Amino acid sequence: MTNDSPVIFTSDHADRNRPAADRLAAFLCIAGALGAASMAFLSNGFYQDDDIVHYKFASQAFSDPASALHLWGRPGYTLLAAPAAKLGGMSGCRALSVMLTALTAWMSYAIARRIYTPSGRRILLLAFAPLLVWLGPVNMTLAVTSLTETAAMFYMTAAVLLYLRGRPIAACAVMSLAIISRYELLVLGGLLLAGAVVRAYGQSGGLLGRTAVNWRLWSAGLALLWAPAAYVLAAWLMGLPDCCSPLGLFAKSFTEEYGRGSWHHFIDRWFVAAGAGTVALAIAGMIATGRRGWPVWSMAGGLVVLHTAIFMVGMFESGGYARFLVPAGGLTAALAACGMAAVADCGREGQCDQSACNPGTAGVPWPDGKLHALHTAVIFGVLIIAAALPLAEFNLPAWLSMTGGCLAGLMFAGLIASLRAGWKSGGWAVGNAAVAAAGLITIIQFACLVRPLRLDPIDSAVADVPIRNLPKGSIVPVNDVVLSAPLYVPERIMNAAISRADLEIQGRDIAGRPVMAMHPLVWFYHPKTEYCGSKEQAADIWRQAAQGTFFFWDSKYGGAADGRLYQALNQYGERLLRVQTGQAVCEVFVRKK
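Residues numbered from 1 in each chain as written. Predicted model: local features only at pLDDT ≥ 70, side-chain atom pairs only at ≥ 80, totals over all residues. Heavy atoms only, no water.

Here we look at the packing of helix α1 (residues 18-41) against helix α4 (residues 75-115)
Two elements in contact, α1 and α4, have axes separated by 9 Å at closest approach and are oriented at 155°. The orientation of α1 with respect to α4, classified from their angle, is roughly antiparallel. Helix-helix and strand crossings are classified by hand; for α1 and α4 the assignment is right-handed. Judged by residue contacts, R18, A21, D22, A25, A26, C29, A33, A36, A37 and A40 of α1 engage R94, V98, A102, A105, W106, Y109 and R113 from α4. (Axes fitted to C-alpha atoms, helices over the stretch in contact; angles between N-to-C directions. Helix = DSSP H or I, 4+ residues; strand = E, 2+ residues; numbered from the N terminus. Parallel < 35°, antiparallel > 145°, perpendicular 65-115°, else oblique. Left-handed = near helix turned anticlockwise from the far one by under 90°. Contact = heavy atoms within 4.5 Å.)

As for the packing of aromatic side chains
According to the stated counting rule, one finds 12 aromatic pairs in the structure shown. Aromatic ring contacts, followed pair by pair, group F46, Y55, W523, F524 and Y525 into a single cluster. Taking the ring centre of W523 as reference, the NZ or CZ of K56 above it sits at 5.8 Å. (Phe/Tyr/Trp six-rings, centres within 6.5 Å; stacked < 30°, edge-to-face > 60°. Lys NZ or Arg CZ within 6 Å of the ring centre and 35° of its normal.)

Here's the deal with the sheet that holds strand β4 (residues 530-531)
Strand order in the open sheet formed by five strands is β4-β3-β5-β7-β6, with mixed pairing between adjacent strands. Each edge of the open sheet carries a strand with a single partner, namely β4 and β6 (573-581). Across eight bridges, β6 lies against strand β7 (residues 584-591) in antiparallel orientation. Across the sheet, the residue bridging to G573 is R591, located in β7. The sheet strands contacting helix α21 (residues 491-505) are β5 (550-554), β6 and β7, and the helix crosses β6 at an angle near 135°. On the sheet, helix α24 (residues 564-572) packs against β5, β6 and β7 and is oriented at approximately 130° with respect to β6. (Pairing = 2+ DSSP bridges.)

Side note on the side chain of H307
Looking at the element boundaries, H307 is found in helix α15 (residues 294-312). Once residues lying within four places of it in the same chain are set aside, the contact partners of H307 are E184, F266, F324 and L325.

Digging into the pattern of salt bridges
A full pass over the atoms with the stated rule returns 12 salt bridges. Two residues, D268 and R269, come together in a salt bridge whose shortest N-O distance is 4.0 Å. You can call R269 buried: its relative accessible area is 6%. Residues R543 and D540 are paired through a salt bridge, measuring 3.2 Å at the closest nitrogen-oxygen approach. Residue R543 and its partner D540 are both found in helix α23 (residues 535-543); the two are separated by three residues, about one turn of the helix. The exposure class of R543 is partly exposed, given its relative accessible area of 28%. Overall, the relative accessible area of 39% leaves D540 in the partly exposed class. Within this structure, D50, E149, R182, E184 and R323 form a network of salt bridges that share partners. (Salt bridge = Lys/Arg side-chain N within 4 Å of Asp/Glu carboxyl O. Buried < 20%, exposed > 50% of the residue type's maximum accessible area, 1.4 Å probe, protein only.)

Here we look at the nonpolar core
By size, the foremost hydrophobic cluster in this structure holds 142 residues, and its most contacted members are I111, M175, I379 and F552. Per-element tally for this core: the top contributor is α4, with 17 residues. With residues near it in sequence (within four places) discarded, I111 still touches T157, V160, L161, L164, V296, L331 and A334. Counting 15 residues, the second-largest nonpolar core is a separate cluster that includes A539, L565, Y566 and L569. (Core = buried A, V, L, I, M, F, W, Y, C linked by side-chain atoms within 4.5 Å.)

Written out as structure tokens, the structure is:
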């Protein structure tokens, strides 16, 4: 991080294969976008309930300015999505996410090109960074949603690229928009600011006094905070209540509603969000890029560490979802492409000038063969960990856990032994096998997890896991979404129950009648629905509701069947129908006289 002037991050590599790499990267960006657009066209469902809620705020932003600033809506996304929602509804928001992901995919290639300089035709391997963005199972899934992580990924990737181009003030200004898309990213913004401090210190000749008065440093700090400051000021001027205002973040207490996670919980989720093979290649890329790639690997790895800390202590109502790691999707793909190029560069004995092809680790006393072996061992080792760690979520028999641990240990020991030998023969083939294994595993994960988003409950990707007997706070991975008691109903199954109920109620003259609900999907079907934020509020409004008002009660947000809201629904209304899909229940009531 010392003296990282713009020259360090600028490559003058004018290899004749550079235009071909640019064309390949552009093709993969466009091809991935066409694939995502096709998946969006086939989707009539939602990834999670927040998907509907963020669209709700975006669609109301022009008619209700408070919606544009709502705490839950995340203005960094809402301000982008409002025009898309106005012009194209939910399809417009899906198209926006596809476009943001495609732009992120291109920037991941641009980042890879700046932090690693391969030799000869191996620059073509860097052009696979966009493909690795699209192959991230959760990256691709969120590309057809209205969730905020995709916008945060776009902002964060753009900020890192700007920093690598020697523009720290612009980088901090763009990162500021990422913060109001995902509030926890304020911590990662501090990494870019720390880099600006080190840069200013180097430019001042190591003088603290001169560093302290460096106007570029102060400008970077102000640029990092401009969006949160403007957001808080606008919310205060509009008089938003705590439940809507960013100031409400400081009024809320932590919650145990979602439980807590283990130390490796978000490592597991990183393997899901980006693909286990991509993460394995990315960690090899961290080694390959060294100091030169620190803004990339510190931000990507920092996001995993940050969410691990948040979820282990139960902060900010974190559900431990894999989608929280999507903002690092572009950076992870860039590192993975560098990892592929590093294995190819140093694979053939005596054919790699380390100082030329691997400036990130130039000066490190490692023979090329051993560097290649290190990269290869890391890839295989991470793939072993990716297979073993998720098993720790379940109560496996002791003998099975011990056997698996011993096998993993033996395999890893063999890799380390190969590292010591330097793989003087056959190293190139073994390195290619590591890259091929990583790619194959990522493709298999993509094929297993990525589907069009459907409301149909008959879906092979949905598992109605019986976890009623688990203690509160137990974590159960279901369809790449972490569910925990007491919120144990898989969301797509709940959505399917509400969809069935809505179809069955259509013949009851619901058009033009008042509708109340606590689930956002009901609002999506009936935009004039009175959306209740709490069970207590819903019960009070129901008591005063007009005759003929419909209420969609759901077992996820509506509370227990013997709770206050449910009792009020039965006391003042009549149940018209009941739909159950697995563990999910939806009941529709009509208000009596």
